[in-house]
Amino acid sequence: GSQWNDADGEGYGDNPAPATTPDACISQFGTSSVYRYGCPDADGDGWSDLNDAFPNEASQHSDEDSDGFGDAVDGYQGDDCLGVPGTSTEDFFGCDDSDCDLW
């Protein structure tokens, strides 16, 4: 095949693109399989730690509004108000809390 070398031995070849799945982290062993192949993935969700807003929580990987609550609504502390940064934690996660009472 087009991948004749795999220095870190995780199954993604070291040859650069246009290889099918080039290893994005040649000198590090990793299991990421989404966007950046073969990079460290602490939570095993497929997203490399570098591209994962929640590198230690497998049910979340993105936080588009940067409020600390993940975009996967069904995941751990999923953001109930996607696209609206917020700090609520009592009735909903990540919704506007203008009076700072967490509700």
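Structure's up top.
Parameters at a glance
Residues numbered from 1 in each chain as written. Predicted model: local features only at pLDDT ≥ 70, side-chain atom pairs only at ≥ 80, totals over all residues. Heavy atoms only, no water. Disulfide = S-S within 2.5 Å. Buried < 20%, exposed > 50% of the residue type's maximum accessible area, 1.4 Å probe, protein only.

1. Structural notes on the state of the cysteines
1) Next: Inspection of the entire model under this criterion finds 2 disulfides.
2) Next: The partner cysteine of Cys 25 in its disulfide is Cys 39, sulfur to sulfur 2.0 Å. Because the torsion about its S-S bond is 90°, the bridge between Cys 25 and Cys 39 counts as right-handed.
3) Next: Each disulfide pairs two cysteine sulfurs, and for Cys 81 the partner residue is Cys 95, the sulfurs being separated by 1.9 Å. Between Cys 81 and Cys 95 the sulfur-sulfur dihedral comes to about 85°; the bridge is accordingly right-handed.
4) Next: Of all cysteine sulfurs, the one in Cys 95 lies closest to Cys 100, which takes part in no disulfide; the gap is 14 Å.
5) Next: Exposure remark for Cys 100: the relative accessible area of 64% places this residue in the exposed category.

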